[in-house]
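Here are the chains, one letter per residue:
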Amino acid sequence: MSETILKIEDLQVHYGGIEAVKGISFDVQEGQIVTLIGSNGAGKSSTLRTISGLVKPSGGKITFHGEDITGKDPTQIVTQGVTLVPEGRRIFPDMTVLENLKIGAYLRKDDLSEDLEWVYSLFPRLKERSWQAGGTLSGGEQQMLAVGRALMSRPKLLMMDEPSLGLAPLVVRDIFSIIQEINKQGVTILLIEQNANMALKIADVGYVLETGRITLTGSGEELLTNDAVRAAYLGA
């Protein structure tokens, strides 16, 4: 029986008078890939940003490995093993690839060489470009760098916000293959993605968010064949 690594209970998030997340509850089991799908404004990014401590919830509870992390600051949450790859990549364009990767490990005091080699094994292009400025990389390479930087903190749970956004279809396939490989190597994944087809194909479990509420739950396979999901998100 796998362990519940992340538990969300009745999570509510407000921005001023706007209720972005309206009391959602879900679990992530250790070793899973879990995806949240939904249209823009459904509350997906707000959910990840709240779990990572960037946004304070207005209600509910977030538990990670049995410990209440609700409202903790982002540094504490990263230290506990939860890392977010933000939408839009947010790399440091004037720093080299290597410097960007090292920033991902800013809370660590130990030797980074083993983890650098792990990231370079996942992303050989980053190794080839390790002394190149991050801003000179292609969009796909910058996304690889953003994921690699997050992995340098040795996360137990890696959260990803729209990793395929703005990327060419071939690059998207590469990114999703790498997400599966990271998962096989022991990292639990919580993914939000507008490319619902790709996300559900690799997900163990999927949740559909609509205007701040979870309206459907199922395995990735079940949601791929669900008529309502196909009509709303898969163009079928």
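The residue numbering used here restarts from 1 in each chain and proceeds along that chain's sequence as written. Only residues with pLDDT of at least 70 get local features here, since the model is predicted, and only at 80 or more are side-chain atom pairs given and counted; chain-wide, interface and lining totals rely on the full set of residues. To get the side-chain values, take all heavy atoms of the structure and skip hydrogens and water.

A. Quick look at the sheet that holds strand E7 (residues 157–161). Taken in spatial order, the six strands make up an open sheet running E6-E7-E8-E3-E9-E10, and their pairing is mixed. Edge positions in the open sheet fall to strand E6 (82–85) and strand E10 (213–219), since each of these has one partner strand only. Going from strand to strand, the sheet's axes swing by 15° on average, the running direction of each strand aside. Any two strands with at least two DSSP-identified bridges between them are counted as paired. Segments assigned H or I by DSSP are reported as helices when at least four residues long, segments assigned E as strands when at least two residues long, and all are numbered from the N terminus. Relative to strand E9 (residues 205–210), strand E3 (residues 33–37) is paired through four bridges, and the arrangement is parallel. Bridged to Ile37 within E9 is Val208. Every axis corresponds to a line fitted to the C-alpha atoms, with the helix fit spanning only the stretch in contact, and the corresponding angles, defined between N-to-C directions, vary from 0 to 180 degrees.

B. Layout of the pattern of salt bridges. Here, a salt bridge means any side-chain nitrogen of Lys or Arg that lies within 4 Å of a carboxyl oxygen of Asp or Glu. In total, this model carries eight salt bridges according to the counting rule given. Asp174 is the partner of Arg125 in a salt bridge, and the nearest nitrogen-oxygen pair spans 3.8 Å. With Arg125 in helix H5 (residues 124–128) and Asp174 in helix H7 (residues 169–184), this residue pair connects regions lying 49 residues apart in the sequence. Given a relative accessible area of 32%, Arg125 falls into the partly exposed group. Notably, a salt bridge pairs Arg129 with Glu141, separated by 3.2 Å at the nearest N-O pair. Placement of the pair is Arg129 in the loop between H5 and helix H6 (139–151) and Glu141 in helix H6, with a sequence separation of 12 residues. Only protein chains enter the calculation, and the probe is 1.4 Å; a residue is then buried if its accessible area is under 20% of its type maximum, exposed if over 50%, and partly exposed in between. With relative accessibility at 23%, the residue Arg129 sits in the partly exposed group. Ionic contacts of the salt-bridge type, sharing partners, join the residues Asp110, Asp115 and Arg154 into one network.

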